[in-house]
Amino acid sequence: MRVLLIAFLTLIFTQQSFSQKEAINLTSDTILTKNLITNTDIKAKVYTFEDRVYNFYIDSSSNTTTISLRKLAKNKKEYKSEGNILVFDFDKNEILWNKTISYDNHNFYQLDSLLVYYANNDIELWNIRNGKELWHSDRNLYYSIPKKKIALTYPNSQNSKKLEAIDISTGNSLWKREIENENGWEDIQSVNDSLYLIYANGFHTLNINDGKGIDFKATTDDKDYTGVIIVSAASIALAILIDSYEIPDVEPSVVNNIRSNVLIDSSAIFFASRKKLSKIDNETKTLWEVELAKKDISHSNLFKKDSVLYMVNYGYAKKEGKKIEYGKPYLKAYNESNGNLIYSLMLEGESVLDYKIKKDRIIFLYDNGISQYSLIDGEFISNRKFNTKNYGNITSFVDSNVYYNNNSIYQPLIKEEKNNYCITFSTGYIQLLNSRFETIEEKPYEELYFLDSKYNEFEILTQDTLTILINKEGTPVLHLPNFYYAIISQGKLYGKNENSLLEIDLNQIVKRED
C-alpha cells in the first residue's frame, strides 16, 4: 500500500473552478464567554459564511485564513460532496478568492503561504492572493516535508524507481535517486532535520538535502494464500458442476511490515527483516546476522541498553493497512558485538500493544493485561489480568497528555517522575496503576480532558464539544462550548462553530489579569 503522508490542512476535492457567486461573509462582534479569573466579558469577532466551516488554516505571515466550506445533507448530520475553498484576508475583511469544489479523492494542503493542490497524479502550487496556478508537475506525490518545503515524488509511469525531490516554492527539481516503490512504501520516518528512513523492501537512508544515502534490501512481506485457497476450492466445485475446468487466476494478498525499526548507533546499523536480524556498517557490509524463525517473526522493535541488543516481537503484521495476528510475541536479548543469543522468552497474549522501559525492567501491555520482566536475565517479575467485560479491551498506555480537574486546577493525570502506569480501555475508561500494577486511581471518560496544544502562556484542552483555555498554572481562563479546532496565532485564539470562524483577541485576557 502506498504511503501518502501530508501535513497540515488536508482537503479532498475533484474539480477546481472559480465560483460564479461569492461565499457570503458577514463580520460581527459578540460577547462569547467570560474570563473565569476576572469574571469579565470576553468578546469575539465572528466571520460567518454561507456553508459550514469544514476546516481552516491560519497563515500568520499574510494574515489570511484558508477556509474550506462544505454543505450539509438534508439530515443535517452528514456532509455533501459540494463545497468551496476560499482565502479570507483579515486586514481587508474580505474574501480574496473563492473556488467551488467537489470532495472526492484529491488533496489540497497548505504550508505557510504555499497552497498545494494534488489530484490525478498532478501537483500544483497556487498563489495565495488570487488562487491562480504558479506551477504544476505531472508527478505522483508520496510525501511532503513542510519545514524544508520539499515534496518527494515519483513519475506517473508504472514501476518507476526514480524518486525526485521538488522545491514546493518553485517546482524545480532538487535531486533524483532510485528507490524501489513497486509495492509502495511501508513507512517513512524522520531521524533528524536532514536524515529520513524509508521502509520499502528493506530500508533506505535519505539525506533530504541532497538525496544521498544507503540501500539495504531485505524481505519484509509475505504472501497470504487463504483467499486463493477459498476461491480455488469454490472454482473447482463449480467446475465439476458445469463440466469445465478453467480455474481463474487469483493473486494472493500481501502481508507486510514484517520487520523492525532501523536502529542506528555511532558505529553500526541494526535491522530485522522477515528472515534475518542483521548488524551492518555504514556501507551496508554485513558484520553479523542471525536467522529468524518464519513461524515466529512479526513486526518488531529493536533497542539497545549497554552492550545488549533487545528485540521485542509484537505478534502482528499488516494486511491492506490493517493489523492482523502474525507470528508470536517474544523478547530476545543478543550480544551486540557478535549476535549471540543471551536469552529468549515467549510472552503471554496474542500480541503486544506496547512496552515501556523502567530502569532494568521492561513492561508489556496486552489487550487484557500487563506484565513485567527483568531486562538483565528475562526473569518474570509480575503481571495482572483485567476483566474487560465492563470497560472493554485495553488499548494503550496513556502519557502526560491526559488531564483531570483537581480542585479547579487542570493537571496531567500521570506524573512522569513517578513509577506509575496509566492505561486506557476501549470505552475511554482509564486506570492509574502503581509499580506493582495495583489500581491507585480510576477515571471515567467524562472526567478526562485532552491536551490539544501548548503555547507560551496558555494550553488548550478539549473534552468532546468543550474547549478549555488554561494558563501555565493550570487555572482555567475560558470555557468555550462548541468551539472546535482551536489554535492560537499572533496573540489571537481561533476556532470554528457551524458556519462561523471565531476570533478572540487574547489581549483581553492578559491585560485584565495583569
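Please read these numbers as outputs of a predicted model, since none were measured by experiment. (Residues numbered from 1 in each chain as written. Predicted model: local features only at pLDDT ≥ 70, side-chain atom pairs only at ≥ 80, totals over all residues. Heavy atoms only, no water.)

Caption draft 1: How the structure looks around the overall build of the protein chain. Along its length, the protein chain carries 2 helices and 49 strands. Relative to all contacts within the protein chain whose residues are 6 or more apart in sequence, the contacts with residues 24 or more apart total 48%. Roughly 25400 Å² of accessible area belongs to the protein chain as shown, and the carbon and sulfur atoms make up 45% of that amount. (Helix = DSSP H or I, 4+ residues; strand = E, 2+ residues; numbered from the N terminus. Contact = heavy atoms within 4.5 Å. Areas by Shrake-Rupley, 256 points an atom, 1.4 Å probe, with all protein chains shown as cover.)

Caption draft 2: Molecular detail of the sheet that holds strand β31 (residues 330–335). As summarised here, the arrangement of the 4 strands in space is β27-β28-β31-β32, forming an open sheet in which the pairing is antiparallel. Looking at the sheet topology across the chains shown, the edges are occupied by β27 (300–305) and β32 (341–346). With direction set aside, neighbouring strand axes in the sheet form an average angle of 15°. Sheet topology places β27 next to strand β28 (residues 308–313); 6 bridges connect them, and they run antiparallel. Bridge pairing in β28 links L302 to M311. (Pairing = 2+ DSSP bridges. Axes fitted to C-alpha atoms, helices over the stretch in contact; angles between N-to-C directions.)

Caption draft 3: Main features of the nonpolar core. One finds Y310, V312, L331, I362 and F364 to be the most contacted residues of the largest nonpolar core, which totals 18 residues. Counting only elements with at least two residues in this core, the list comes to β28, β31, β32 and β34 (361–365). Element by element, the count of residues in this core is highest for β28, at 3 residues. Not counting residues within four places of it along the chain, the set of residues in contact with V312 comprises H299, S300, N301, F303, Y330, L331, Y355, I362 and F364. (Core = buried A, V, L, I, M, F, W, Y, C linked by side-chain atoms within 4.5 Å. Buried < 20%, exposed > 50% of the residue type's maximum accessible area, 1.4 Å probe, protein only.)

Caption draft 4: Representation of the sheet that holds strand β33 (residues 354–358) in the model. Taking strand neighbours across the sheet as the criterion, the 4 strands line up as β33-β34-β35-β36 in an open arrangement whose pairing is antiparallel. The sheet is open, and its two edges are formed by β33 and β36 (380–385), each paired on a single side. Each neighbouring strand pair of the sheet contributes to a mean axis angle of 15°, computed without reference to strand direction. By the bridge criterion, 5 bridges tie β34 to strand β35 (residues 369–374) in an arrangement that is antiparallel.

Caption draft 5: Spatial organisation of the side chain of S273. Secondary-structure assignment places S273 in the loop between β24 (269–272) and β25 (276–280). Discounting residues that sit within four places of it in the chain, S273 has contacts with A218, T219, T220, I258, R259, L292 and I297.

Caption draft 6: Here's a closer look at the environment of A200. For A200, the location among the structural elements is in the loop between β18 (195–199) and β19 (202–207). Residue classification places A200 among the buried positions, given a relative accessible area of 2%. Placed 20 residues apart in sequence, A200 and T220 show a C-alpha to C-alpha distance of 8.1 Å. Residues contacting A200, with those up to four places away along its chain left out, are E180, G184 and W185.

Caption draft 7: Representation of the side chain of Q508. Mapped onto the fold, Q508 is located in helix α2 (residues 507–513). A distance of 3.1 Å separates the side chain of Q508 from the backbone oxygen of D505, its partner in a polar contact. In this structure, Q508 is in contact with D41, I42 and K43, ignoring residues within four places of it in sequence. (Polar contact = N/O pair within 3.5 Å; in protein donor to acceptor, adjacent residues only side chain to side chain.)

Caption draft 8: The packing of aromatic side chains, seen in detail. With the rule as written, the count across this model stands at 32 aromatic pairs. One aromatic cluster is present, formed by F303, Y310, Y355, F364, Y373 and F380 through successive ring pairs. Between K99 and the ring centre of W126, over which it is positioned, the NZ or CZ distance is 3.5 Å. Positioned over the ring face of Y330 is K332, at 4.6 Å from the centre of the ring. (Phe/Tyr/Trp six-rings, centres within 6.5 Å; stacked < 30°, edge-to-face > 60°. Lys NZ or Arg CZ within 6 Å of the ring centre and 35° of its normal.)

Caption draft 9: Quick look at the environment of D281. Considering the arrangement of structural elements, one finds D281 in the loop between β25 and β26 (286–291). Taking C-alpha positions, D281 is 4.7 Å from A268, a pair spaced 13 residues apart along the chain. Within the structure, the side chain of D281 is placed 2.8 Å from the backbone nitrogen of K285, a separation counted as a polar contact.

Caption draft 10: Just the pairing of strand β39 (residues 409–412), in detail. Sheet topology places strand β38 (residues 402–406) next to β39; 4 bridges connect them, and they run antiparallel. Across the sheet, the residue bridging to N405 is Y410, located in β39. Hairpin connection from β38 to β39: 2 residues lie between these consecutive antiparallel strands, with N407 at a positive phi of about 55°.

Caption draft 11: Looking closely at unusual backbone geometry. The backbone of E320 sits at a positive phi, close to 55°, despite the residue not being glycine. Positionally, E320 belongs in the loop between β29 (316–319) and β30 (322–325). Phi at Y485 takes a positive value of approximately 60°, unusual for a residue other than glycine. Relative to the elements of secondary structure, Y485 occurs in strand β47 (residues 484–489).

By themselves these figures say nothing about function.
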